[in-house]
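A closer look at the structure
Listed below, chain by chain, are the residues.
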2 protein chains.
Amino acid sequence: MPRSPDVLVIGGGVIGLAIARRVAQRGGRVTVIERGVPGHEASWAAAGMLAPQCESDTIDPFFDLCRASLGLYPAFAHALRDEAGMEIEYRVDGTLYPALDDREQKTLEQRYQRQREAGLPVVRLTAKEARTIEPNLSNRVQMALSFPDDHQVDNRKLAQALVVAARRAGVDVREGVTITRILTDGDRVIGAVTKTEEWHPDVVVNAAGCWASVLNGLPPGACPPIRPIRGQMLSLDVSASPPFRRVIYSHRSYLVPRADGRLLIGATVEEAGFKKQVTVGGILKLFKGALDLAPSLREYPVESTWSGLRPASPDRLPVLGPAALDGLILATGHYRNGILLAPITGELISDVITTGDIPPMMRPFLPGRFERV
Amino acid sequence: MPRSPDVLVIGGGVIGLAIARRVAQRGGRVTVIERGVPGHEASWAAAGMLAPQCESDTIDPFFDLCRASLGLYPAFAHALRDEAGMEIEYRVDGTLYPALDDREQKTLEQRYQRQREAGLPVVRLTAKEARTIEPNLSNRVQMALSFPDDHQVDNRKLAQALVVAARRAGVDVREGVTITRILTDGDRVIGAVTKTEEWHPDVVVNAAGCWASVLNGLPPGACPPIRPIRGQMLSLDVSASPPFRRVIYSHRSYLVPRADGRLLIGATVEEAGFKKQVTVGGILKLFKGALDLAPSLREYPVESTWSGLRPASPDRLPVLGPAALDGLILATGHYRNGILLAPITGELISDVITTGDIPPMMRPFLPGRFERV
């Protein structure tokens, strides 16, 4: 039996890795168990938008959490560059959200008013202004909002950098290893078992994304109510003539230009169980949304298609903090915001583990809100 | 310098390979020079439909050529099984051509009359009959024609089998080798050069598909007027629940069920130079056509997408036989019919090479019809 680590993190996505890295940097002994390749599930499938203002109509604790995590990104990217020796392509070109019809315009005008009143940075652009800065936008654009603080990162590079940084901090990142059972003793989690090994850490962190609820050995009351919500995506090769500089957001499809000459188009939001597929209907939806925004995309070559499974809780908010069982901490349910929330999740969960206190910012997201009687 | 082969075939697609195999079987010494992997260009991109009746409204020499080649297929598939030890999945389930609107129905009714008058096997089905034998057809179907003699083959397996069979017959198939120059002496082709070798065969066969017209060293008068016409295709993974047994043909998209659980959807017909790309617009067109035929395809996963470049002459008919230069024979311009015409092309071109006579069936397709004054 190996020497027990202090902390066992189940799940090697950006959430599990960000937690492991911070706990290790604060002196903990950490093992990450990843069933496949670290960062190759939802973290890999994402688009890397760091854009809380694009979607928010209310200034609530979740928006504050997102903004706080966004605020950590410059230092986070800088630290990862030092620790991992690689760029995560953190880009601050901002995000543009165009309205293509009256209904969208009305939504955006209201969002503009609310965010202005809250003192958030947002700029209202006329159609002409929007098409001046992004000439490949459809001429159906009626107006647009520009969010200079809504940024992006290359999520695949982020995942890779976190693996290197976590290992550099002393984390034992195990690849291709599956937890077969969580061990409990009364109200306490006392360890976990794989095919060949057994761990007895002080703390188990369940950061298994959409698989968080299907770990063997968890009593029903300690199972986070997480479901997979499929997102299909695709990328175009636009290296010959990049059509956009900024992220173009919309509720139809969004367009994310990457430094490597790709343009990402995302994403569907579907209930499809654990079937990680790219379907005819999914691609059609993405194409339609993208061509509404930019008809000239029709001529570009398709580079790749893929899908991922977002971990979604019933209220679509993250599930963070101590579970019903002692010794078990949850960090899942990040839904569409896992990349954005990785830095703050790393900080908050490592705070709980190292101090035992619940940070105030975490309180609205505690697992207890779903506890079954 | 290597010993000169009797025949040098430029291009290792199904056309070049079928010719090489037959010439070698008839005693010739043959080398095939393929710039990439044999059979991995247009031969690979095709759908493998052997369906001359689906498209033909006139009984002309080209239709006769197609029917003659189709007639060779049972023996060809049998011979390749013996020679190469592999199945090319020659399937005789027939082809169904449904009409989804009045215009299509009118076209099909006329085709039915003409083919019946010509004594060809064709069956007229009511909408109900069509949907009884293929229940996943759209309920928009108004009627359909069934062509029991229009078959299919797995074109990729055909290409692979031809490589093995050609080698087994003694052909030297060179992969990853590019002809840098054709050598001429007055009105005669006397050889060809690669980076490291020089050949002086009795006959050079230009079977380079859409690249037939861009070989270095050919005087303009001997360059076949061939252009690339792009075809985009894709495949769905329908292994969980195969929706069709027969090939479903239409001018929108066609659907080709394969034994390995894939459903091919083809194909666009585009002028795009030598750009072998899959584009947003191309996929949209294929999807639209496929969903018109079978709305339930929307839920299936996409397996792969690809494109290929068809070699097209000005009249869209093949270019077969002696060129303006002595010692040069052309076998290109097969456009959308390269798989279907591979057996007959192998026979006809090997006849010319071994006997010196022009078979009557080849006369309408001689290169001379495009000769510039």
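Rules and cut-offs
- Residues numbered from 1 in each chain as written.
- Chains lettered and ligands numbered in written order.
- Predicted model: local features only at pLDDT ≥ 70, side-chain atom pairs only at ≥ 80, totals over all residues.
- Heavy atoms only, no water.
- Salt bridge = Lys/Arg side-chain N within 4 Å of Asp/Glu carboxyl O.
- Helix = DSSP H or I, 4+ residues; strand = E, 2+ residues; numbered from the N terminus.
- Buried < 20%, exposed > 50% of the residue type's maximum accessible area, 1.4 Å probe, protein only.
- Contact = heavy atoms within 4.5 Å.
- Buried area = accessible area lost by both parts, 1.4 Å probe.
- Polar contact = N/O pair within 3.5 Å; in protein donor to acceptor, adjacent residues only side chain to side chain.
- Least-squares fit on C-alpha atoms with pLDDT ≥ 70 in both.
- Axes fitted to C-alpha atoms, helices over the stretch in contact; angles between N-to-C directions.
- Parallel < 35°, antiparallel > 145°, perpendicular 65-115°, else oblique.
- Left-handed = near helix turned anticlockwise from the far one by under 90°.
- Nonpolar A, V, L, I, M, F, W, Y, C, P; charged D, E, K, R; others polar.

Here we come to the pattern of salt bridges. Taken as a whole, this structure holds 58 salt bridges over all chains when the rule is applied. When the shortest N-O distance is used, the salt bridge between A:Arg81 and A:Glu87 registers 2.6 Å. Taking the shortest distance from any N to any O, the salt bridge between B:Arg245 and B:Asp93 comes out at 3.3 Å. Note that B:Arg245 is positioned in the loop between strand S13 (227-237) and strand S14 (247-248) and B:Asp93 in the loop between helix H4 (61-84) and strand S4 (95-99), a separation of 152 residues in sequence. Under the relative-accessibility criterion, B:Asp93 is labelled partly exposed at 28%. Ionic contacts of the salt-bridge type, sharing partners, join the residues A:Asp101, A:Glu104, A:Arg140, A:Arg252, A:Lys288 and A:Asp292 into one network.

This part takes up the interface of chain A and chain B. A common way to express how large an interface is: the accessible area buried when the components associate. With 16 residues of chain A at the interface, the matching set in chain B holds 16 residues. Roughly 1400 Å² of surface becomes buried between chain A and chain B when both sides are summed, with 74% attributable to carbon and sulfur atoms. Among the residues chain A hides against chain B, the three largest losses belong to A:Val280, A:Leu284 and A:Phe287. Together they make up 39% of the total. Counting across the chain A and chain B interface gives zero salt bridges. In this structure, the connection of chain A to chain B is made through six residue pairs in polar contact (both at pLDDT 80 or more). At six residues, helix H8 (residues 280-293) of chain A tops the list of elements feeding residues into the side of chain A that touches chain B.

Attention now goes to the relation of the copies chain A and chain B. Overlay of chain A on chain B (RMSD 0.0 Å): rotation 180°, translation along the axis 0.0 Å. Expressed as an axis order, the relation between the two copies is that of a two-fold axis. Residue A:Leu284, judged by its C-alpha, is the member of chain A lying nearest the rotation axis, at 3.5 Å. Here 100% of the interface residues in chain A have copies in chain B that are interface residues too; the copies meet face to matching face.

A few words on the packing of helix H4 (residues 61-84) of chain A against helix H7 (residues 155-168) of chain A. Residues and elements named next belong to chain A. Where H4 meets H7, the closest approach of the two axes is 9 Å, and the angle between their N-to-C directions is 60°. Judged on the interaxial angle alone, H7 and H4 are oblique. Considering how the two elements wind past one another, H4 and H7 form a crossing that is left-handed. For the pair H4 and H7, the contacting residues are Tyr73, Phe76, Leu80, Asp82, Glu83 and Ala84 in the first and Leu158, Ala161, Leu162, Val164, Ala165 and Arg168 in the second. Within the contact of H4 with H7, the residues separate by chemical class into nine nonpolar, no polar and three charged.

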